[in-house]
Amino acid sequence: METSMHYGKDYKTIPATSVKSGEGVEVVPDVYCYTVQIVNLCFIGDSATNEFVIVDTGTPNRSKEIIAAAEERFGPDCRPKAIILTHGHFDHVGSVIELINHWHIPAYAHPLEMPYLTGQKNYPEPDYTVEGGLVAKMSPIFPTDAIDLDGHVKLLPEDGSVPYPSAFKWIHVPGHAPGQVALFREKDRLLLAADAFVTVKQEDLYKVITQKQEISGPPRYLTTDWKAAKNSIIKLAELKPNIAITGHGKPMTGDQLSESLDRLVRDFDEIAVPKHGRYVSERNEM
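Residues numbered from 1 in each chain as written. Predicted model: local features only at pLDDT ≥ 70, side-chain atom pairs only at ≥ 80, totals over all residues. Heavy atoms only, no water.

**Brief notes about the state of the cysteines**
Here is step 1 of the chain: Overall, the coordinates contain zero disulfides when judged by the stated rule.
Here is step 2 of the chain: For Cys42, which is in no disulfide, the shortest distance to another cysteine sulfur is to Cys33 and amounts to 4.6 Å.
Here is step 3 of the chain: Judged by its relative accessible area of 4%, Cys42 falls in the buried class.
Here is step 4 of the chain: No disulfide involves Cys78; its nearest neighbouring cysteine sulfur is the one of Cys42, lying 16 Å away. (Disulfide = S-S within 2.5 Å. Buried < 20%, exposed > 50% of the residue type's maximum accessible area, 1.4 Å probe, protein only.)

Here it is, written out as structure tokens:
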């Protein structure tokens, strides 16, 4: 297992972090959000029984930190059932190989993400020309090469179920990535939104560092299909979530969430879509 998987040639530690890096918050008793540098991952499961899965795996070279966070919550002999990948961008799969090797568990992803997870296809280059801040300008250094999980990644079930935390359903939310998925649980209306929308202006380095909370569309510099991105946000807003954990930024709840999502849908062009850039040619067709 240890010798067959590999990252892309451009995978490396990125020089960016936030004040929340290394911190975790129990959003509800069985969902724990943990921040790695500038991105969130989640542990879903009961800390009393040690039955859990991990959703996403953070940035490159952070596996030891993630394992330590899991052991702090679930105990020194803990072993998750699986890794659920919302999509294959570097900041969501950056430590996946080390975690698969350490725990000997499978990863799951949407079929449209498989080319980027099996070494077949690289992601498009980041669009550093979009306005919004320094993170966008530094995006050319972000890894985009495909990784190869070589048989250790499986397709999410076709019926929309999520392996092991059976109360969650996965929802296809393309735009930021072709096979991006969000996870939703009806009983408490809890949404793991991935990068379909985020709660920090991810292009702005100061806001990323300070984690200033505000609703925003998907990170502009890696979003390639803005028409699909808008449709995905509409789909998630229609679920009327009560709690949202996004790929970047602090969890958002209640009236603040519902009002922010309504505003994002209504003013999507103004809030989310860049005024110029490589991937905004579809803007006038929305």
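**Quick notes on the nonpolar core**
Here is step 1 of the chain: Ranked by size, the top nonpolar core spans 44 residues in total, and within it Phe43, Ile83, Leu85, Val96, Leu117, Ile147 and Leu149 carry the most contacts.
Here is step 2 of the chain: Not counting chain neighbours up to four residues away, the residues in contact with Ile147 comprise His6, Tyr7, Gly8, Tyr11, Val93, Val96, Tyr116, Leu117, Thr118 and Gly119.
Here is step 3 of the chain: Ile171, Ala193, Ala196 and Ile215 belong to the second largest nonpolar core, which has 25 residues in total. (Core = buried A, V, L, I, M, F, W, Y, C linked by side-chain atoms within 4.5 Å. Contact = heavy atoms within 4.5 Å.)

**Observations regarding the layout of surface pockets**
Here is step 1 of the chain: Considering only enclosed or pocket space, the largest pocket measures out at about 150 Å³ in volume.
Here is step 2 of the chain: Looking at the largest pocket, the residues that line it are Lys20, Glu23, Gly24, Val25, Cys33, Thr35, Asn40, Gln211, Gly249, Lys250 and Pro251.
Here is step 3 of the chain: Residue composition of the lining of the largest pocket, by class: three nonpolar, five polar and three charged. (1 Å grid on protein atoms, 1.4 Å probe; cavity = no way out; pocket = protein on both sides within 12 Å on 5 of 7 lines; lining within 4 Å. Points joined across faces, edges and corners; volume = space filled by probe spheres on them. Nonpolar A, V, L, I, M, F, W, Y, C, P; charged D, E, K, R; others polar.)

**Some points on helix 3 (residues 96–103)**
Here is step 1 of the chain: The buried count for helix 3 comes to six of eight residues, which makes it a mostly enclosed element.
Here is step 2 of the chain: Residues of helix 3 that are buried include every one of Val96, Ile97, Leu99, Ile100, Asn101 and Trp103, and no others.
Here is step 3 of the chain: Those residues of helix 3 that are buried lie in contact with strand 4 (51–55), helix 1 (63–74), strand 5 (83–84), helix 2 (90–93) and strand 6 (107–109).
Here is step 4 of the chain: Once helix 3 finishes, His104 follows within two positions and takes phi at roughly 55 degrees, a positive value. (Helix = DSSP H or I, 4+ residues; strand = E, 2+ residues; numbered from the N terminus.)

**Here we look at the sheet that holds strand 11 (residues 243–246)**
Here is step 1 of the chain: Read from one edge to the other, the open sheet built from five strands follows the order 8-9-10-11-12, with strand pairing classed as mixed. Unpaired on one side and paired on the other, strand 8 (168–172) and strand 12 (252–253) mark the two borders of the sheet.
Here is step 2 of the chain: Relative to strand 10 (residues 190–194), strand 9 (residues 181–185) runs antiparallel, the two sharing three bridges. The partner of Leu183 across the bridge, within strand 10, is Leu192.
Here is step 3 of the chain: Lying over the sheet, helix 7 (residues 226–237) contacts strand 8, strand 9 and strand 10, oriented at roughly 155 degrees with respect to strand 8. (Pairing = 2+ DSSP bridges. Axes fitted to C-alpha atoms, helices over the stretch in contact; angles between N-to-C directions.)

**Some points on the side chain of Ser260**
Here is step 1 of the chain: Mapping Ser260 onto the fold places it in helix 8 (residues 254–266).
Here is step 2 of the chain: Of the residues examined, Ser260 reaches a relative accessible area of 6% and is grouped as buried.
Here is step 3 of the chain: Ignoring anything within four residues of it in the chain, the contact list for Ser260 reads Ile215 and Met252.

**With respect to unusual backbone geometry**
Here is step 1 of the chain: We note that Asp56 has phi near 75 degrees; this positive angle belongs to a residue other than glycine.
Here is step 2 of the chain: Relative to the assigned elements, Asp56 resides in the loop between strand 4 and helix 1.
Here is step 3 of the chain: Since its relative accessible area comes to 3%, Asp56 is described here as buried.
Here is step 4 of the chain: Positioned with a positive phi, His104 is a non-glycine residue whose angle comes to about 55 degrees.
Here is step 5 of the chain: Looking at the element boundaries, His104 is found in the loop between helix 3 and strand 6.
Here is step 6 of the chain: Of the residues examined, His104 reaches a relative accessible area of 44% and is grouped as partly exposed.

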